[in-house]
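Okay, here's what each chain looks like letter by letter:
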Amino acid sequence: MVLADDGTPLLTQSQQPRKTRMGAIIAVSCAFVMLFLAYNSLQNYVTSLLPGNLGNESLAVLYVSVCCFVFSAPHISARLGDKWTMIAGSLCYLVYMGSVIHPIRWVVLSAAVVIGFGAAILWVAVGSYITKASAAAELGKNNGIFWGTFQLSGILGNLFAYFIFNHLNGSTPLFVALTAAGGVGVLILLFIPNDRLLETDVPTPPPIRQEIRATVSNLFTVEQAALAYIVIYSGLELAFWTGEFPQLLPADSIGLVLAFAGVGEVVGALGLSRLSDVVGCSPLVVVGSLVYCGGLALAAWLKHAGLPGPEPAWESVSWIAYLAAFCFGIGDSLVNTQSYALIGKLFKKEETTRAFTVFQLYQNVGSAGGYYIGVPLPMHGTNGSLGLVWIQLYLLVVGTALFCWVERRYLKTRPKSQTNGAHWDVN
């Protein structure tokens, strides 16, 4: 929340009806359901269905590209506004999805650069949009609503892919259908409320060099440096269970197993994340970390046992694969929603976009590292190892401890008046 010099909210609850703000968050969530119903499902398959290591390589290029472009995101968001920045970013996702329909190496890798730019601006904009639409006391709940609704895409997309996979002649029709679904998400974004529509005092965006310098300064704040471990981990774990874990499974069962990760995401976000406004962010991050560790143990067990794994099995896959995916979903949702919520509390309005830019930088460093490491240090196969598991555990333990320290530090220093008030008007 942003406070005036006298400590009072600049925009109060009465100026911004809660119903309107909640409608904005739900509209964005629904748009993301369609866009990522397509993209997340496609991402889960490309490492298995594209020739050679093209899937891993393209995803690694994607996340490296995000790191390269992410510092331009605050300037673009300031120029276009959060809404139109999200639309531009989502169109870049369609470029990548379309490129894998008939995969040509140079086309897919070039499209990976394009989607890297799109992801950089999209996720910075949505973090800013939701934070501005929320009162400080609602950040945990509202981020949970967004994340839980958005992660319905993981259930619907993976189930869709699973049920039609065996009825298609190759992967091309699957990728065509997913690209079309992503286009629906872009159309929905055209109708979300404009974050600038009712703002009477929109500041002139600073020059891009000045904005980049300010973002780099945010990168080296004590809070961001401490949160770096958990945020890098959140990128690495996503790369692990969407890129490496599926390669432990039969190709025709990937969608079904990862649908359970989607269920875990929804349970974590809608069922648990709202508690953070009562108990704080740290307890939920600890819970998410412990659950995710359970998922890693189950994945290691599956690798050791081999397919189909310990009985009972469903669709030629052991029950431990489904439970591992469910644990990954819960762990991922709690770490992400609570990181978004804490960052929204830590930084003032003019710093919010920069803070989410730094978040995206660290997270995509983790994702790029996860996909790159997965090539020389795979978990699957006869020569597979648990190297990725141990790297994740290290980052998780250190990151969770530092996350708790940052929130404790914030609670000791925050103004007592910082309890409510929305950041902006939305119509």
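Details of the structure are given in the entry above.
Residues numbered from 1 in each chain as written. Predicted model: local features only at pLDDT ≥ 70, side-chain atom pairs only at ≥ 80, totals over all residues. Heavy atoms only, no water.

Q: I'm lost on the nonpolar core in this one. Help?
A: Here is a general trend for soluble globular proteins: nonpolar side chains tend to be buried in one another's company. By size, the foremost hydrophobic cluster in this structure holds 120 residues, and its most contacted members are Phe-32, Tyr-96, Trp-123 and Phe-245. Excluding residues within four positions of it along the chain, Phe-32 makes contact with Leu-37, Met-86, Leu-122, Trp-123, Val-126, Phe-146, Phe-150, Ser-153 and Leu-189. (Core = buried A, V, L, I, M, F, W, Y, C linked by side-chain atoms within 4.5 Å. Buried < 20%, exposed > 50% of the residue type's maximum accessible area, 1.4 Å probe, protein only. Contact = heavy atoms within 4.5 Å.)

Q: Please explain the packing of aromatic side chains as it appears in this structure.
A: Centre-to-centre distance and the angle between the planes together describe a pair of aromatic rings. By the definition in use, this model includes 25 aromatic pairs. For the pair Tyr-39 and Tyr-96, a centre-to-centre distance of 6.4 Å together with 65° between the ring planes defines the contact as edge-to-face. Of this pair, Tyr-39 sits in helix α1 (residues 18–49) while Tyr-96 sits in helix α4 (residues 82–99); the two residues are 57 residues apart in sequence, bridging distant segments of the chain. Given a relative accessible area of 0%, Tyr-96 falls into the buried group. Grouped by ring-pair contacts, the aromatic residues Phe-32, Phe-36, Tyr-39, Tyr-93, Tyr-96, Trp-123, Phe-146 and Phe-150 constitute a single cluster. (Phe/Tyr/Trp six-rings, centres within 6.5 Å; stacked < 30°, edge-to-face > 60°. Helix = DSSP H or I, 4+ residues; strand = E, 2+ residues; numbered from the N terminus.)

Q: For this particular structure, what's the right way to read helix α13 (residues 281–305)?
A: Over its 25 residues, α13 runs 36 Å from end to end, which matches the ideal 36 Å to within 8%, given 1.5 Å per residue. Every buried residue belonging to α13 is among Cys-281, Ser-282, Leu-284, Val-285, Gly-288, Ser-289, Tyr-292, Gly-295, Leu-296, Leu-298, Ala-299 and Leu-302, and all of these are buried. Looking at the buried residues of α13, the elements they touch are α10 (222–244), α11 (254–272), α12 (276–279), β2 (317–318), α14 (319–346) and α16 (387–413). Directly beyond the C-terminal end of α13, a positive phi value near 75° is found at Gly-306. (Expected span 1.5 Å × (residues − 1).)

Q: Before we go on, may I ask you to explain the environment of Ile-192 in this structure?
A: Note on placement: Ile-192 falls in the loop between α8 (172–189) and α9 (208–219). For Ile-192, a relative accessible area of 3% puts it in the buried group. Taking the C-alpha atoms as reference points, Ile-192 and Trp-84, separated by 108 residues in sequence, lie 9.9 Å from one another. Every residue in contact with Ile-192, bar those within four places of it in the chain, is listed here: Ala-27, Val-28, Lys-83, Met-86 and Tyr-129.

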